Amino acid sequence: AKVAVLASGRGSNLAALLEARARGELPVEFVLVGSDKAGAGALRLAEAANVPTLALDPRSYPDRRAFDLDLFRRIAASGADWLVLAGFMRILDGEALKPWVGRIINIHPSLLPKYRGLHTHRRALEAGDAEHGASVHFVTAELDGGPVIAQACLAIEAGDDEERLAQRLLPLEHRLLPAVLNLLAAGRLQWDGAPRFDGQPLS
Ligand code: GRF
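Residues numbered from 1 in each chain as written. Predicted model: local features only at pLDDT ≥ 70, side-chain atom pairs only at ≥ 80, totals over all residues. Heavy atoms only, no water.

### Here we look at the UniProt feature "site: Raises pKa of active site His" (unreviewed entry) in the chain
1) Next: Sites flagged by UniProt as "site: Raises pKa of active site His" (unreviewed entry) map to Asp144.
2) Next: Once residues lying within four places of it in the same chain are set aside, the contact partners of Asp144 are Asn106, His108, Leu112, Arg116, Gly117 and His137.
3) Next: In this structure the side chain of Asp144 is engaged in a polar contact, spanning 2.8 Å, whose partner is the backbone nitrogen of Gly117. (UniProt positions renumbered as here; feature names shortened; annotations may be inferred. Contact = heavy atoms within 4.5 Å. Polar contact = N/O pair within 3.5 Å; in protein donor to acceptor, adjacent residues only side chain to side chain.)

Here it is as structure tokens:
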């Protein structure tokens, strides 16, 4: 399976994918790493792993949809079968997204459907939640609203603040995302308008 990844920042989730592949634990080919930030650490990681990179500057486009359409055109041209959003901080235009629904997954640092959007760790702390976590879900036009595939969770501890909680969650994210990508590559997750796992409806 050919996989493209989009990231906007340091790319620790991308690093986890590349490391899993290097250990022989993720039988996929990374064909492209794209970003909306030319300085993203994720692009440096991709270069170091000899994965083709693409940085598109949103300011070079007349509007959001034009950017997204060009981005998806480039992703399609890379031959990618799957697209992974790993710390990608843009909301994708529903129209541009449509042909890819069912083939895009995202990792989001909350126990969806709780805390869609930003500042998830802080919101969990402020709510006094006993536990927090991360979700890998299919991407649809609804922000962080697509069907959840898998989650990892951890207990919130007395000493947690936003930074410590985020740091304690990352290692779980780094195991969760490669595990889900393995399921996709093995053909165990399908999408026929709704997700199926081993042929059974997922949600
Ligand atoms: C991670 O918490 C991830 O869940 C969210 O963005 C954060 C940074 O990801 N989507 P990364 O270190 O850039 O992979």
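Next comes the rest of the account.
### Overview of the environment of Leu154
1) Next: With respect to the helices, strands and loops of the structure, Leu154 is situated in strand β7 (residues 148-155).
2) Next: On the basis of relative accessible area, Leu154 is assigned to the buried category, the value being 9%.
3) Next: Separated by 23 residues in sequence, Leu154 and Glu131 have C-alpha atoms that sit 5.6 Å apart.
4) Next: What Leu154 contacts, discounting residues up to four positions off in sequence, is Ala130, Glu131, His132, Gly133, Leu165, Arg168, Leu169 and Leu172. (Helix = DSSP H or I, 4+ residues; strand = E, 2+ residues; numbered from the N terminus. Buried < 20%, exposed > 50% of the residue type's maximum accessible area, 1.4 Å probe, protein only.)

### Section: the packing of aromatic side chains
The geometry of an aromatic ring pair comes down to the distance between the two centres and the angle between the two planes.
1) Next: Inspection of every chain in the model, using the stated rule, returns three aromatic pairs.
2) Next: With 5.3 Å between their ring centres and 85° between their planes, Tyr61 and Phe67 make a pair best called edge-to-face. The pair formed by Tyr61 and Phe67 is uniform in burial state, with each residue classed as buried.
3) Next: Taken together, a centroid distance of 4.9 Å and an interplanar angle of 55° make the contact between Phe138 and Trp191 tilted. Highlighted residues: Phe138 in strand β6 (residues 131-138) and Trp191 in strand β8 (residues 189-191), separated in sequence by 53 residues.
4) Next: Judged by its relative accessible area of 24%, Trp191 falls in the partly exposed class.
5) Next: Directly above the aromatic system of Trp100 lies the positively charged group of Arg103, at a separation of 4.1 Å from the ring centroid. (Phe/Tyr/Trp six-rings, centres within 6.5 Å; stacked < 30°, edge-to-face > 60°. Lys NZ or Arg CZ within 6 Å of the ring centre and 35° of its normal.)

### Overview of the nonpolar core
1) Next: Counting residues in each nonpolar core, the largest one holds 40 residues, and the members touching the most others are Val5, Phe30, Val84, Ile105 and Leu181.
2) Next: With eight residues, helix α6 (residues 162-185) is the largest single contributor of residues to this core.
3) Next: Every residue in contact with Ile105, bar those within four places of it in the chain, is listed here: Leu83, Val84, Leu85, Val136, His137, Phe138, Val139, Ile149, Leu177, Val180, Leu181 and Leu184.
4) Next: With 21 residues, the next largest nonpolar core counts Leu32, Ile75, Ala80 and Ile104 among its residues. (Core = buried A, V, L, I, M, F, W, Y, C linked by side-chain atoms within 4.5 Å.)

### Points about the sheet that holds strand β4 (residues 82-85)
Either a parallel or an antiparallel arrangement is found when strands of a sheet pair, and the pairing is made through backbone hydrogen bonds.
1) Next: Ordered by their spatial adjacency, seven strands build an open sheet running β3-β2-β1-β4-β5-β6-β7, and the pairing between neighbours is mixed. Each end of this open sheet is capped by a strand with a single partner; those strands are β3 (53-55) and β7. Mean inter-strand twist for the sheet, computed between neighbouring axes without regard to direction, equals 15°.
2) Next: Two strands pair when backbone bridges link them, and strand β1 (residues 2-6) and β4 are joined in this way by four bridges, in the parallel orientation. Bridging across to β4, Leu6 finds its partner in Leu85. (Pairing = 2+ DSSP bridges. Axes fitted to C-alpha atoms, helices over the stretch in contact; angles between N-to-C directions.)

### Comments concerning the pairing of β6
1) Next: Buried residues dominate β6, accounting for seven of its eight residues.
2) Next: In this structure, strand β5 (residues 104-108) lies alongside β6, joined through four bridges in antiparallel fashion. Bridge assignment links Ile105 to a residue of β6, and that residue is Phe138.
3) Next: Pairing analysis gives seven bridges linking β6 to β7, with the strands arranged antiparallel. Across the sheet, residue His132 finds its bridge partner in β7, namely Leu154.

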